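# A look at the structure
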Amino acid sequence: MTATIQHWIGGAATAGASTRTSPVWNPATGQQQADLLLAEASDVDAAVQAASTAFESWSQSSFSARTKVLFAFRELMNRRAGELAQAITDEHGKVLSDAAGEVQRGIEVIEFACGIPQLLKGEYSDQVSTDVDSYTFRQPLGVCAGITPFNFPAMVPMWMFPVAIACGNTFVLKPSERDPSTSLLMAEMWADAGLPDGVFNVVQGDKVAVDALLDHPDVAAVSFVGSTPIAKYVHERATANGKRVQALGGAKNHAIVLPDADMDFAAQHLAAAAFGSAGERCMAISAAVTVGSAAEQLMQHVEREARAVKVGPGRDPSSQMGPIVTRESRDRIVGLIDAGEQQGADVLVDGRGLVVSGHEDGFFVGPTVIDRVTTDMDCYTNEIFGPVLSVLRADTVEGAIDLINANPYGNGTAVFTNSGGAARAFVRGVKVGMVGVNVPVPVPMAYHSFGGWKDSLFGEHHVHGPDGIRFYTRGKAVTVRWPHSDTPSGASLDFPSSQ
Ligand code: NAD
């Protein structure tokens, strides 16, 4: 019998009023493994109500009460990391070691949030006027919603909720309908860690659930991560409804390779960044831009690295790259490789038609390198989100930077070089939010903030780190006087000024 995946509302799993379902696949076998219940607006309302009620006491809880729960949650996450990784692999397809890596990066955000007493320290100014002191501190917002993509079912939600909850908010997560199980495992662990019922809730669902969250009057803030068109839509609709919004969108990440780079090193890292997680990472390198003579030296190394990647089911420890998340995504990726070929690019390594023995129905595409891509081709203008590295050529570093800056996305980018001066010019000149120097996937650690520029982010705040704290709280400034009985009142109809 196919399993049914439910919501988590008010501290317990529930089917709510949901009757619609959507299939959850195992991408390695191509078989359906579960039915996911899709929330109706009334289910979202029940989750928001549970979170609103829980906010009344959670927002008043002491720092020590909150950190006790956060530390316990972190311990449980560490203990059950293997189980989480397996759930990710079975629904997403990525290999187990990669799934374990995303769990680890999520746990690092919990560790950051464990420092909340330090992170939320306010500021105090003594004697701003005679016998008057002033201080500022930050308070939670209320019910915060998180709407997350399929490609990091553990890490991306954890970019959000540990920080939101540590700040005293309550949370409703709407995970991707393609790999929903991780969210329920995390809900169970929160409960086991002692988080009061209703502080963390999960509604499974599609656009119906998302729209209900965006329109709900009791949702104070929305964090979204996903594709650019939906990020833009979420940002517009939720801000029109008066909510605070951060909406992270899609990407087209370029790495430029200068002629002075170590070509073997650059090729190994380009292949890892392009084909890791089958290219289904918002920070995957999908375009390599060679500068001047770098192309001739680089391409043979890149071809060798791409052909060496071992593709297979994610549960097989010898696999380095797993399948694509769904059949539709696989077909879309193949279609964009076809388009590149038809539009005149050179498919140097071709992953179309790859069949993995014993997994003939799995959604596999092999590592693909498309050389001599130009900026007008469909394989460049679309975010492929698959194991495809497009190679473009520029004559100069300035030309490579101009090419990147002309792209509508601005999530991540990298430069491979041995020249400090060239790297510095690149770092300063490129209009992208996260930049690597000989580091192709420059994902900031939990104590810095993660976010792109241009069409890769709508809203002011990046996620986790200092921006996460600012996003999930609002500042309050307090001015205090304790008058002495023997001092003049100093009251005046003039605008207050310090004396
Ligand atoms: P997606 O935009 O299809 O879905 C993201 C979320 O939005 C899901 O929860 C989904 O249920 C919901 N959604 C989908 N269509 C909707 C609609 N019409 N109305 C309302 N809600 C809708 O993204 P995805 O395919 O799950 O994830 C891949 C995308 O996410 C890629 O574009 C990738 O670059 C991006 N991504 C970006 C970052 C980042 O940090 N910038 C991180 C991870 C993924």
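Model, not experiment: these values are computed from the prediction.

### Observations regarding the overall build of the protein
Helices and strands together make up the secondary structure of the protein, namely 16 helices and 23 strands. Whereas a compact globule of 499 residues would reach a radius of gyration of roughly 23 Å, the protein reaches 25 Å, a difference of no more than 12%. If one aligns the C-alpha atoms of the protein with their principal axes, the spans along those axes are about 85 × 60 × 40 Å. Contacts in the protein between residues at least 24 apart in sequence constitute 73% of all its contacts with a sequence separation of at least 6. Summing over all exposed atoms, the protein offers an accessible surface of approximately 20200 Å²; the carbon and sulfur share of this is 51%. One finds the centroid of the 37 positive side-chain charges in the protein at a distance of 2 Å from the centroid of its 55 negative side-chain charges.

### Some details on empty space enclosed by the protein
One pass over the full model with this rule turns up three cavities of 30 Å³ or more. Reported here for the largest cavity is a volume of approximately 90 Å³. The wall of the largest cavity is formed by 15 residues, among which G279, R281, A284, S286 and F385 lie closest to the centre. Residue classes in the lining of the largest cavity are distributed as eight nonpolar, four polar and three charged. By volume, the second largest cavity amounts to about 60 Å³. Along the walls of the second largest cavity sit W8, G11, A187, W190, A191, L195, P196, D197, G198, V199 and F200, which together make up its complete lining. For the lining of the second largest cavity, the element with the most residues is helix α7 (residues 181-193), which contributes three residues. Partitioned by chemical class, the residues of the lining of the second largest cavity number eight nonpolar, two polar and one charged.

### Some words on the packing of helix α3 (residues 81-92) against α7
Contact pair α3 / α7: the axes reach a minimum separation of 9 Å and the direction vectors enclose 160°. On the basis of the axis angle, α3 is roughly antiparallel to α7. The two elements α3 and α7 meet at a crossing, and its hand is right-handed. Facing α3, whose interface residues are E83, L84, A87, I88 and E91, α7 presents S181, T182, L185, M186 and M189. Taken together, the residues of the contact of α3 with α7 break down into six nonpolar, two polar and two charged.

### Overview of the environment of G30
The residue G30 is located in the loop between β4 (21-26) and β5 (31-37) in this model. Sequence separation between G30 and D361 is 331 residues, and the spatial gap between their C-alpha atoms is 5.0 Å. The contacts of G30, once residues within four sequence positions are left out, are W25, R327, D361, G362 and F363.

### Observations concerning the packing of aromatic side chains
Under the defined criterion, the tally for this structure stands at 14 aromatic pairs. Ring centres 5.0 Å apart and planes at 80° place the aromatic pair F471 and Y472 in the edge-to-face group. Since its relative accessible area comes to 0%, F471 is described here as buried. A residue is classified by how much of its surface remains accessible, and Y472, at 1% relative accessible area, is buried.

### Considering helix α8 (residues 207-215)
Regarding α8, the residues found buried are A209, V210, D211, A212, L213 and L214. Tucked into the core, α8 has its buried residues touching α1 (41-58), β8 (143-147), β9 (170-174), β11 (219-225) and α9 (228-240).

### Thoughts on unusual backbone geometry
Positive phi values are uncommon outside glycine, yet D131 reaches one of about 65°. Among the structural elements, D131 can be located in the loop between β6 (123-129) and β7 (132-140). You can call D131 partly exposed: its relative accessible area is 31%.

Thresholds applied
Residues numbered from 1 in each chain as written. Predicted model: local features only at pLDDT ≥ 70, side-chain atom pairs only at ≥ 80, totals over all residues. Heavy atoms only, no water. Helix = DSSP H or I, 4+ residues; strand = E, 2+ residues; numbered from the N terminus. Rg over C-alpha atoms; globule rule 2.2 N^0.38 Å. Contact = heavy atoms within 4.5 Å. Areas by Shrake-Rupley, 256 points an atom, 1.4 Å probe, with all protein chains shown as cover. Lys, Arg positive; Asp, Glu negative; His and termini not counted. Charge placed at Lys NZ, Arg CZ, Asp CG, Glu CD. 1 Å grid on protein atoms, 1.4 Å probe; cavity = no way out; pocket = protein on both sides within 12 Å on 5 of 7 lines; lining within 4 Å. Points joined across faces, edges and corners; volume = space filled by probe spheres on them. Nonpolar A, V, L, I, M, F, W, Y, C, P; charged D, E, K, R; others polar. Axes fitted to C-alpha atoms, helices over the stretch in contact; angles between N-to-C directions. Parallel < 35°, antiparallel > 145°, perpendicular 65-115°, else oblique. Left-handed = near helix turned anticlockwise from the far one by under 90°. Phe/Tyr/Trp six-rings, centres within 6.5 Å; stacked < 30°, edge-to-face > 60°. Buried < 20%, exposed > 50% of the residue type's maximum accessible area, 1.4 Å probe, protein only.

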